[in-house]
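Next come the chains, spelled out residue by residue.
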Amino acid sequence: MLPEVRGWLRRRTSSAADWPLRDLKAAKGETTVSVVLPARDERATVGEIVRVIRRELAGLVDEIVVIDSRSSDDTALVAARAGASVHAQDEILPQLVPLDGKGEALWKSLAVTSGDVLVFADADIRKFRASLIFGLLGPLLADPTVVYSKGCYDRPLNGASNGGGRVTELVARPLINLHWPQLAGFVQPLAGEYAGRRSALERVPFLTGYGVELGLLIDLLELAGLDALAQVDLGSREHSPQSTEALGGMASQIMLAAWSRLQRQGKIHACHEPSVRLTQFRRRLDGHDVLLRDIGIGERPPMITIAP
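Just so it is clear, the structure is predicted and the values come from calculations on it, not from any experiment. (Residues numbered from 1 in each chain as written. Predicted model: local features only at pLDDT ≥ 70, side-chain atom pairs only at ≥ 80, totals over all residues. Heavy atoms only, no water.)

So, about the sheet that holds strand β2 (residues 33-39). Pairing between the strands of a sheet comes from backbone hydrogen bonds, and it takes one of two forms, parallel or antiparallel. Strand order in the open sheet formed by eight strands is β1-β10-β7-β8-β5-β2-β3-β4, and the pairing between neighbours is mixed. Two strands close off the open sheet at either side, each with one partner strand: β1 (13-15) and β4 (85-88). The average undirected angle you get between the axes of adjacent strands in this sheet is 25°. Here six bridges tie β2 to strand β3 (residues 63-68), and the two strands are oriented parallel to one another. Its bridge partner being in β3, Ser34 is matched across the sheet by Glu63. (Pairing = 2+ DSSP bridges. Helix = DSSP H or I, 4+ residues; strand = E, 2+ residues; numbered from the N terminus. Axes fitted to C-alpha atoms, helices over the stretch in contact; angles between N-to-C directions.)

As a further point, take the nonpolar core. The nonpolar side chains of a soluble globular protein tend to be buried with one another. The biggest cluster of nonpolar side chains holds 46 residues, and the ones touching the most others in it are Tyr148, Leu183, Phe206, Leu216, Leu220, Leu229 and Ile254. Those elements that place two or more of their residues in this core are α1 (3-12), β3, α5 (102-109), β5 (117-120), α7 (166-179), α8 (198-201), α9 (212-224) and α10 (244-264). With seven residues, α9 is the largest single contributor of residues to this core. Residues within four places of Leu216 in sequence aside, it is in contact with Tyr148, Tyr194, Val204, Pro205 and Phe206. Core analysis: the second largest hydrophobic core is formed by 42 residues, Ala16, Val50, Tyr153 and Leu234 among them. (Core = buried A, V, L, I, M, F, W, Y, C linked by side-chain atoms within 4.5 Å. Buried < 20%, exposed > 50% of the residue type's maximum accessible area, 1.4 Å probe, protein only. Contact = heavy atoms within 4.5 Å.)

Under the defined criterion, the tally for this structure stands at three aromatic pairs. Through successive ring pairs, a cluster of aromatic residues spans Phe120, Tyr148 and Tyr194. (Phe/Tyr/Trp six-rings, centres within 6.5 Å; stacked < 30°, edge-to-face > 60°.)

Looking at chain direction, strand β12 (residues 277-284) and strand β13 (residues 287-294) are connected through eight bridges and run antiparallel. Bridge pairing in β13 links Arg282 to Asp289.

Moving on, we come to the environment of Leu291. Along the chain, the position of Leu291 falls in strand β13. Of the residues examined, Leu291 reaches a relative accessible area of 21% and is grouped as partly exposed. Counting along the chain gives 11 residues from Leu291 to Gln280, while the straight-line C-alpha distance between them is 4.9 Å. Not counting chain neighbours up to four residues away, the residues in contact with Leu291 comprise Glu245, Leu278, Thr279, Gln280 and Arg282.

This next bit is on the pattern of salt bridges. Tallied over the entire structure, the rule returns 25 salt bridges. With a shortest N-O distance of 3.6 Å, Glu56 and Arg55 are connected by a salt bridge. Under the relative-accessibility criterion, Glu56 is labelled partly exposed at 38%. The network of salt bridges with shared partners includes Lys102, Asp122, Asp124, Glu193, Glu213 and Arg237. (Salt bridge = Lys/Arg side-chain N within 4 Å of Asp/Glu carboxyl O.)

What follows is about a nonpolar patch on the surface. Together, Phe281, Val290 and Leu292 make up a nonpolar patch on the protein surface, roughly 330 Å² of accessible area in all. Tracing the backbone shows Phe281 in strand β12. According to the relative accessible area criterion, Phe281 is exposed, its value standing at 54%. (Patch = residues over 30% accessible without salt bridge, like charges linked within 9 Å, V, L, I, M, F, W, Y side chains within 5 Å. Areas by Shrake-Rupley, 256 points an atom, 1.4 Å probe, with all protein chains shown as cover.)

Even without being glycine, Leu93 reaches a positive phi, approximately 50°. Examined against the element boundaries, Leu93 turns out to sit in the loop between β4 and α5. Non-glycine residue Lys127 carries a positive phi angle of around 55°. Looking at the element boundaries, Lys127 is found in the loop between β6 (125-126) and α6 (131-142).

Once that is clear, we can look at the environment of Gly138. By secondary structure assignment, the location of Gly138 is in helix α6. Assessed through its relative accessible area of 0%, Gly138 is described here as buried. As for Gly138 and Val232, which are separated by 94 residues in sequence, their C-alpha atoms are 8.5 Å apart. Excluding anything up to four places from it in sequence, Gly138 contacts Trp19 and Leu24.

Functional significance is not addressed by these values, which are geometric in nature.
Here it is as C-alpha cells:
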C-alpha cells in the first residue's frame, strides 16, 4: 500500500458512531440534504427504509427521493405511501433516449433533487438503520474540503459475518490495486451507500450499469484528489444475495467500467473493442443451456453539461 494511502486511511476513515446526530444537526447549518433510493421491484424493503429515515432523521434529511427503475411491482406506490417523493426513471429528462441500469437512475436523480449533499442508498437493505445514512454525512458536514464519503461494512452471507462482497474481492479490488493504487484503502469500493456534494457529482460522468460505483471513485479521485474522499464504517448491512450467474454479469460490467477509464486516462492503448456479450451456462438434465447476456454499459455526461 502506498504511504499516502496509509496516511489517508488514518485521517479519512471514521465510523458512524463518531458522528452523533445532535452534532450533525448543529453542523448542518444551511446545507440541504437529499436521500436517493434507486429501486426496482423492492416493495418488500423500500417502505420501511423511507419510514426509518423520516422518523429518525427529521431535521437532518430534507427530502427522500425514490427513483423507480421500471418496477414490475408496486414499489412506487409503497414508497409514496411511506412518504417519499417518487419519480419514474424514464420520465426524468424525457428528451433523452432512455438508458438502462442503476447508474442511469442515480444520474437522473441529480435532475429531480435539490440537496447540496446527496446520499445514495440501495433500496433492498434488510434491517435498515438510520446510521447507514447519517454516518455518511459526518465527513461532509464536518469538513468542507471533503466532497465524497463512501460507506464500508460487513456483509453477512450464509452464516458468515463477512461472506458477501464476492465481486469486490475477485474483480474490483484486484483492478484497483493494479491500476489505481491510490484507491486501495477503500474497504468496500462497490458499496451502494455513499454521499457526495452536488457541486462534485454534477461534474463527473455516470456509467449506467453496475460499474457506476467504480467509475465514480476513479473520476472523483481525478477531479478532487484522494484527500477530498472519505470512508465511514457503517457496521453491517444485509440484503438479498445475488446468484453466481447474476454476479458474473455484474463483474463483467465492472471490467468494462475499468476498461473505459483506463482508455480515457491513457493507461492502455486498445487494439480491439471489448465484447459486450457474456456467455454463461446452465445445467439441464441432458446437458447445458447456453445463456447469452448483453452486459454493455453506457455513460451519461456530467449533469452540469445538460441544458435545463
